[in-house]
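# Structural characterization, general
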Amino acid sequence: MRILNATQMREADRQTIEDVGIASLVLMENAGRQVVSAIEAAHEARLSGRVAILCGKGNNGGDGFVVARTLAQRGVDVSVFLLAPVASVKGDARVNLDILGRLGIGVMEVDDEQRWELYASEVQRCSLIVDAIVGTGLSAPLAGLLDTVVADVNVMGIPIVSVDLPSGLSADSPHPLGQCVSAAMTVTLAAPKLSLVMPPGEDQAGDVVIADIGIPYDVIDGLEGRQIELLTPEQVRLLVQPRPADSHKGDYGRVTVVGGSRGKTGAAHLAGLGALRSGAGLVTIATPASCQPIIAALAAEYTTEALAEGGDGQVAEAAVETVLALRHDVIACGPGLGRGEAARRFVRALVDRSPVPLVLDADAVLAFADDPGQLVGRDERHIVITPHPGEMAQLLGRSIEEVQNNRIEIAGEFAVTHQIHVVLKGHRTVIAHPSGLISLNPTGNPGMATGGTGDVLTGMVAAWLAQLLDADAACSLAVFLHGAAGDLAAAHEGRVSMIAGDLLHHIGPALEQLTATPGEAGGND
């Protein structure tokens with residue numbers, strides 16, 4: 001699902017009006033009615049009281065006038081507050097304002113802070129507030145009257161439903177421009193906006209409902225400029241194909257996991273099981289010789305391969321020959337590998353010489369921390385890296401705070417410049433593709449902030465890459481299912497108590513839930 005910025009949203013409106021021929025008044029009517037439908041679904045009980053509708057002078061306010069008219073015609077007691085002079089309302093918004101007048105629905109003109117002081121107590125007595133003050137057109141912090149109104153309604157303790165965006169949020173950045181409405185629900189129009197799905201803006205949006213107002217999907221998909229999408233079940237479901245009855249293990253890919261070191265064998269084990277639970281036909285864990293019996297004893301389903309090691313219990317550089325001689329379709333490298341100099345040289349040699357796709361995590365990513373320019377993909381051999389923010393910061397020589405504040409930009413720039421896939425883990429994991437496309441993952445929860453969950457993801461990415469032979473698809477599907485498994489695990493174990501091993505037990509149910517028909521979906525929890 002495409003995420004649009006302000007410029008793209010305006011262009012989508014223009015194309016729909018001028019090229020498709022749907023009148024702007026129709027779009028505004030659709031918007032208002034969709035907001036009402038969402039309110040009725042989520043806040044029906046509050047419609048027995050009075051609803052305050054706060055409108056600005058632009059098209060967002062026009063949507064609010066339609067909301068007011070529609071609610072009033074359904075018998076709801078509404079109070080409409082125009083936070084601007086009546087004379088300043090133009091275009092379609094003015095048409096809908098005038099309609100309210102002809103229907104006898106009063107509109108209170110609140111054009112300065114003194115008048116707001118008179119009406120604020122009336123808003124306080126309402127059971128629901130509709131925020132139709134400012135939408136995607138905002139480019140500067142709220143000031144004066146609007147800033148005062150937002151500050152006041154935020155402390156009234158009344159649920160707020162925002163139209164398109166909570167007033168004060170920007171469509172172009174997840175970071176609020178200044179003070180903004182704290183909504184219980186946001187009904188966004190046509191497509192999600194970045195500030196509704198990424199922190200810290202998402203914290204102000206409440207439940208997000210995407211309203212179809214009549215802009216064709218082809219128009220949205222064809223818009224030029226920044227390509228950011230929100231992964232959806234409908235999208236990733238198409239990547240999973242039924243297995244033929246006559247299939248065998250060789251049809252589903254051979255994955256080699258290179259990982260483990262003295263004291264860190266569990267990471268390689270989790271990655272191996274992550275690959276198996278994601279459908280890989282054959283999985284081998286290649287690990288330092290002293291670690292092999294430990295890892296082999298942890299599970300019977302994968303095979304193991306002993307690698308030459310140094311005195312520090314980490315893989316030796318010479319072990320690259322052993323790994324390259326193994327039969328595999330994808331190599332996942334890094335979980336528990338260690339950061340010694342020999343291990344670093346091993347990783348660099350593997351990346352330089354491997355003819356098959358690579359998934360690099362943790363210590364394998366940090367092997368390039370002093371020279372990230374050497375980490376470059378090739379057309380014939382994909383590379384996927386799966387760092388957490390701390391590892392990304394070390395790789396780039398930047399602070400964690402800088403990475404966290406610019407997750408999309410940093411991951412996207414690195415992916416395009418280095419022609420690799422970047423899976424920047426964390427809340428709303430960012431998948432940056434070499435093409436410039438950014439995919440954001442909606443699944444997952446804070447309970448996954450525990451050691452080992454990233455190792456499971458490494459194996460999952462490798463498994464789907466081995467099966468699909470498409471790095472874009474493999475990253476999207478693996479990340480979505482990883483988060484979905486985490487959500488199921490949290491539902492069973494609780495967010496505090498869940499551990500990485502719990503994800504392994506819920507990958508299968510998550511996959512079944514994804515691929516089930518709507519009538520079957522309830523049976524997987």
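Up top is the structure these notes are about.
In short, a report on the structure. (Residues numbered from 1 in each chain as written. Predicted model: local features only at pLDDT ≥ 70, side-chain atom pairs only at ≥ 80, totals over all residues. Heavy atoms only, no water.)

## Structural notes on the overall build of the protein chain
- Secondary structure assignment for the protein chain yields 20 helices and 18 strands.
- On the principal axes, the C-alpha backbone points of the protein chain span a range of 85 × 50 × 45 Å.
- Across the 525 residues in the protein chain, those meeting the buried criterion constitute 55%.
- Look at the contacts in the protein chain between residues 6 or more apart in sequence, and 69% of them connect residues 24 or more apart.
- Accessible surface computed for the protein chain: about 20800 Å², of which carbon and sulfur atoms make up 50%.
- Here the protein chain contributes 36 positively and 62 negatively charged side chains, and the mean placements of these two sets differ by 1 Å. (Helix = DSSP H or I, 4+ residues; strand = E, 2+ residues; numbered from the N terminus. Buried < 20%, exposed > 50% of the residue type's maximum accessible area, 1.4 Å probe, protein only. Contact = heavy atoms within 4.5 Å. Areas by Shrake-Rupley, 256 points an atom, 1.4 Å probe, with all protein chains shown as cover. Lys, Arg positive; Asp, Glu negative; His and termini not counted. Charge placed at Lys NZ, Arg CZ, Asp CG, Glu CD.)

## As for the pattern of salt bridges
- Counted by the stated rule, this structure contains 21 salt bridges.
- Residues joined in a network through salt bridges with shared partners are E317, E341, R344, R345, R348 and D370. (Salt bridge = Lys/Arg side-chain N within 4 Å of Asp/Glu carboxyl O.)

## Brief notes about the side chain of S354
- As for its position among the elements, S354 is in the loop between α13 (341–353) and β14 (358–360).
- A distance of 3.0 Å separates a polar atom in the side chain of S354 from the backbone oxygen of V356.
- If sequence neighbours within four positions are ignored, S354 has contacts with L324, I331, R378 and R381. (Polar contact = N/O pair within 3.5 Å; in protein donor to acceptor, adjacent residues only side chain to side chain.)

## Things to note about the pairing of strand β11 (residues 282–288)
- A large share of β11 lies buried, amounting to six of its seven residues.
- Where strand β10 (residues 254–258) and β11 come together, five bridges link them in parallel fashion. Across the sheet, the residue bridging to V257 is I285, located in β11.
- Each parallel crossover has a hand, and the one from β10 via helix α10 (residues 265–277) to β11 is right-handed.
- Where β11 and strand β12 (residues 303–307) come together, five bridges link them in parallel fashion. Note that in β12 the partner of P288 across the bridge is L307. (Pairing = 2+ DSSP bridges. Right-handed = clockwise from strand over helix to strand, strands pointing away.)

## So, the sheet that holds strand β5 (residues 128–132)
- One open sheet accounts for seven strands, arranged β4-β3-β2-β5-β6-β7-β8; its pairing is parallel. Among the strands making up the open sheet, the edge pair consists of β4 (107–109) and β8 (207–211). Ignoring which end each strand starts from, the neighbouring axes of this sheet average 20° apart.
- As paired elements, strand β2 (residues 50–55) and β5 share five bridges and run parallel to each other. Note that in β5 the partner of C55 across the bridge is A132.
- Lying on the sheet, helix α2 (residues 24–43) is in contact with β5, β6 (160–163), β7 (185–189) and β8; it crosses β7 at an angle near 155°. (Axes fitted to C-alpha atoms, helices over the stretch in contact; angles between N-to-C directions.)

## Some remarks on the packing of α10 against helix α18 (residues 453–468)
- One way to put it is that α10 packs onto α18 with a least axis distance of 7 Å and a crossing angle of 40°. Here α18 runs oblique to α10, going by the angle between their axes. The element α10 and its partner α18 pack so that their crossing is right-handed. The segment α10 lies against α18, with A267, L270, A271, G274 and A275 engaging D455, V456, G459, M460 and A463.
- The residue makeup of the contact of α10 with α18, split by class, is seven nonpolar, two polar and one charged. (Parallel < 35°, antiparallel > 145°, perpendicular 65-115°, else oblique. Left-handed = near helix turned anticlockwise from the far one by under 90°. Nonpolar A, V, L, I, M, F, W, Y, C, P; charged D, E, K, R; others polar.)

## Things to note about the side chain of T136
- Its location among the elements puts T136 in the loop between β5 and α6 (144–154).
- Once residues lying within four places of it in the same chain are set aside, the contact partners of T136 are A6, M9, D164, L165, A171 and K193.

## Observations regarding the environment of A280
- Inspection of the secondary structure assignment puts A280 in the loop between α10 and β11.
- On the accessibility criterion, A280 (7% relative accessible area) is buried.
- Along the primary structure A280 and W464 are separated by 184 residues, whereas in three dimensions their C-alpha atoms are 7.3 Å apart.
- Those residues within four positions of A280 in sequence are excluded, and the remaining contacts are Y252, G253, V255, A275, A463 and Q467.

## Remarks on the packing of helix α3 (residues 59–73) against helix α4 (residues 91–102)
- Two elements in contact, α3 and α4, have axes separated by 8 Å at closest approach and are oriented at 30°. Here α4 runs roughly parallel to α3, going by the angle between their axes. Relative to α4, α3 is oriented so that their crossing is left-handed. Of α4, the residues touching α3 (which contributes N59, G62, F65, V66, A68 and R69) are A93, N96, L97, I99 and L100.
- Its residues assigned to classes, the contact of α3 with α4 comprises seven nonpolar, three polar and one charged.

## Here's the deal with a nonpolar patch on the surface
- On the surface, a cluster of nonpolar side chains totalling about 210 Å² of accessible area is made up of M1, V208 and I210.
- Relative to the helices and strands, V208 is located in strand β8.
- A residue is classified by how much of its surface remains accessible, and V208, at 33% relative accessible area, is partly exposed. (Patch = residues over 30% accessible without salt bridge, like charges linked within 9 Å, V, L, I, M, F, W, Y side chains within 5 Å.)

## Some thoughts on α2
- Relative to the 28 Å expected for 20 residues at 1.5 Å per residue, α2 spans 28 Å between its end C-alpha atoms, a close match to the ideal helical length.
- Along α2, the residues that are buried comprise L27, M28, E29, A31, G32, V35, V36, A38, I39 and H43. (Expected span 1.5 Å × (residues − 1).)

## Some thoughts on α6
- Residues of α6 that are buried: L145, V149, V150 and V153. Looking straight down α6, one finds that the buried residues subtend no more than 130° of arc, so they occupy a single side.
- Its buried side turned inward, α6 meets β2, α5 (113–124), β5 and β6. (Arc of directions from axis to C-beta.)

## A short note on the packing of aromatic side chains
- A complete count under the given rule lists one aromatic pair for this structure.
- Ring plane angle 65° and centroid distance 5.8 Å describe the contact between F81 and Y119, whose orientation is recorded as edge-to-face. Note that F81 is positioned in strand β3 (residues 77–82) and Y119 in helix α5, a separation of 38 residues in sequence.
- Geometry around Y252 places R243 over its ring, the cationic atom sitting 3.5 Å from the centre. (Phe/Tyr/Trp six-rings, centres within 6.5 Å; stacked < 30°, edge-to-face > 60°. Lys NZ or Arg CZ within 6 Å of the ring centre and 35° of its normal.)

In short, shape yes, function no, at least from these values alone.
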